[in-house]
Amino acid sequence: MMTPDALKSLIRTVPDFPEPGIQFRDITTLIGDGEGLAASVHHLAEMAAAIGAQKIAGMEARGFIFGAAVAVQLGVGFVPVRKPGKLPIKTIGVDYALEYGTDRLEMDPDAVGAGERVVIVDDLIATGGTALAATQLLRKAGADVSDAVFVIDLPDLGGAQKLRDAGVTVGALMQFDGD
Ligand code: AMP
């Protein structure tokens with residue numbers, strides 16, 4: 001089983017994408033490696049199991065890849081947290097600020113039970129805006145959200161701290177310094 005350190009070497013860093021100054025940490029190369037994908041899912045699932053996850057929630061789109069795989073490994077359900085207008089039912093949503101403008105996440109209000117322990121899974125936490133919005137949304141639906149696990153944490157962008165301030169414990173397989 002590949003260690004988190006070995007997994008880090010499978011991440012491709014692309015400078016200046018999607019805009020100048022951003023170091024894009026690309027998971028395409030990680031998930032394209034069979035052992036790397038399996039080990040990533042294994043390590044995330046171990047963390048989620050230790051937390052006692054009753055359901056896994058993942059954010060569109062890269063959170064679906066890891067989140068659904070973790071849910072299968074644990075034998076629990078998966079909650080898709082979606083971009084606006086995708087679900088065919090009456091949704092609940094949360095708007096959140098981006099650097100320029102706002103974005104929105106939506107979910108099926110019946111996707112979680114009251115007090116159900118839901119662990120958030122995503123590929124990467126940067127500013128934490130997305131994960132914080134997902135936390136608020138899942139809590140609005142009645143879930144107990146106290147943990148989120150990521151493949152990658154960019155600690156210098158402050159997202160993990162933002163989540164901790166909201167009462168969410170953050171786990172990650174690896175960190176990259178800087179932004
Ligand atoms: P944030 O809301 O700032 O924590 O970022 C949320 C999402 O944006 C993450 O789930 C990533 O998919 C993507 N993202 C942000 N920064 C980066 C980066 N430097 N490299 C790759 N993906 C990123």
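Higher on the page you've got the structure.
Along each chain, the written sequence defines residue order, and numbers are assigned to residues from 1. In keeping with the predicted nature of the model, local features appear solely for residues at pLDDT of at least 70, side-chain atom pairs appear and are counted solely at 80 or more, and the whole-chain, interface and lining totals rest on all residues. Only hydrogens and water are removed before side-chain values are computed, so all heavy atoms of the structure are retained for them.

Visitor: Please set out helix 4 (residues 62–74) residue by residue, giving values where relevant.
Guide: Counted at 1.5 Å a residue, the expected span for helix 4 with its 13 residues is 18 Å, and the 19 Å between its end C-alpha atoms agrees. When accessible area is computed with a 1.4 Å probe and restricted to protein chains, residues below 20% of their type maximum are described as buried, those above 50% as exposed, and intermediate ones as partly exposed. A run of DSSP states H or I qualifies as a helix once it reaches four residues; a run of E qualifies as a strand once it reaches two. Both are numbered from the N-terminal end. If you check which residues of helix 4 are buried, you get Gly63, Phe66, Gly67, Val70 and Ala71. Across the axial projection of helix 4, the buried residues extend over an arc of 135°, all falling on one side. Contacts are residue-level and defined by heavy atoms, with any inter-residue pair within 4.5 Å sufficient. Residues of helix 4 that are buried in the fold lie against helix 2 (28–31), helix 3 (34–51), strand 3 (55–59), strand 4 (77–81), strand 7 (117–125) and strand 8 (144–153). Gly75 sits one or two residues past helix 4 and shows a positive phi near 70°. Multiplying 1.5 Å by the helix residue count minus one yields the expected span of that helix. Arc definition: directions from the helix axis to the C-beta atoms.

Visitor: Tell me about the site of the ligand, and please be specific about residues and values.
Guide: Every one of the 14 residues lining the ligand counts as a neighbour, but Arg25, Ala126, Thr127, Gly128 and Thr130 are closest to it. Computed on the free molecule, the ligand has an accessible area of 480 Å², of which 80% lies beneath the protein chains in the complex. When residues of the shell around the ligand are traced back to their parent elements, those giving at least two are strand 2 (23–26), strand 7 and helix 5 (129–140). Among the residues forming the shell around the ligand, the class breakdown is five nonpolar, five polar and four charged. Summary of the distance rule: residues count as near a molecule or strand when at least one heavy atom falls within 4 Å of that molecule or strand. Values of accessible area rely on a 1.4 Å probe in the Shrake-Rupley scheme; residue burial ignores everything except the protein chains shown. Here the nonpolar group is Ala, Val, Leu, Ile, Met, Phe, Trp, Tyr, Cys and Pro; Asp, Glu, Lys and Arg are the charged ones; every other residue, Gly included, is treated as polar.

Visitor: Provide a residue-level description of the pattern of salt bridges, including the pertinent values.
Guide: Between side chains of opposite charge, a pair can form when the charged atoms approach closely. Take a side-chain nitrogen of Lys or Arg and a carboxyl oxygen of Asp or Glu: if they are within 4 Å of each other, that pair is a salt bridge. Summed over the entire model, instances satisfying the criterion amount to seven salt bridges. The closest approach of N and O atoms between Asp26 and Arg12, which form a salt bridge, is 2.7 Å. Taken as a pair, Asp26 in strand 2 and Arg12 in strand 1 (residues 12–15) lie far apart in primary sequence, 14 residues in all. Residue class for Asp26 comes out buried when judged on its relative accessible area of 10%.

Visitor: Give me the lowdown on the environment of Leu98, citing residues and values where you can.
Guide: Checked against the element boundaries, Leu98 lands in the loop between strand 5 (92–97) and strand 6 (102–107). Through-space distance from the C-alpha of Leu98 to that of Ala61 is 17 Å; in sequence the pair is 37 residues apart.

Visitor: Before we move on, could you go through the sheet that holds strand 9 (residues 169–175) and cite the residues and values that matter?
Guide: Strand order in the open sheet made by the five strands is 4-3-7-8-9, with parallel pairing throughout. In this open sheet, the two strands that pair with only one neighbour each are strand 4 and strand 9. Ignoring which end each strand starts from, the neighbouring axes of this sheet average 25° apart. An axis is simply a line fitted to the C-alpha atoms; with a helix, the fit covers only the stretch in contact. Between two such axes, the angle follows the N-to-C directions and lies from 0 to 180 degrees. Here helix 5 sits on the sheet and contacts strand 3, strand 4, strand 7 and strand 8; the angle it forms with strand 7, its principal contact strand, is near 165°. A strand pair is defined by DSSP finding two or more bridges across the two strands.

Visitor: Which residues make up the packing of aromatic side chains, and what values do they have?
Guide: Stacked, tilted and edge-to-face are the three classes applied to pairs of Phe, Tyr and Trp rings, where Trp contributes its six-membered ring and a pair requires centres within 6.5 Å; stacked means planes under 30 degrees apart, edge-to-face means over 60, and tilted covers the rest. This structure, assessed with the given rule, holds two aromatic pairs. Plain terms: the ring middles of Phe17 and Phe24 are 5.1 Å apart, the flat faces sit at 85° to each other, and that makes the pair edge-to-face. Taking the centre distance of 5.8 Å and the plane angle of 90° together, the rings of Phe64 and Phe78 count as edge-to-face. Taken as a pair, Phe64 in helix 4 and Phe78 in strand 4 lie far apart in primary sequence, 14 residues in all. We classify Phe78 as partly exposed; its relative accessible area is 28%.

Visitor: Kindly report on unusual backbone geometry, identifying the contributing residues and their values.
Guide: A negative phi holds for most residues other than glycine; trans holds for most peptide bonds. Of note, the bond from Phe17 into Pro18 is cis; its omega dihedral lies within 30 degrees of zero at -5°. The residue Pro18 is located in the loop between strand 1 and strand 2 in this model. Within the chain, Asp16 stands out as a residue other than glycine whose phi angle is a positive 60°. Accessibility expressed as a relative area gives 49% for Asp16, which makes it partly exposed.

Visitor: How would you sum up helix 5? Please name residues and give values.
Guide: Between its first and last C-alpha atoms helix 5 spans 16 Å; for twelve residues at 1.5 Å apiece the expected length is 16 Å, and the two agree. Taken together, the buried positions of helix 5 are occupied by Gly129, Ala131, Leu132, Ala133, Ala134, Thr135, Leu137 and Leu138. Downstream of helix 5 by a residue or two, Gly142 has a phi angle that is positive, lying close to 105°.

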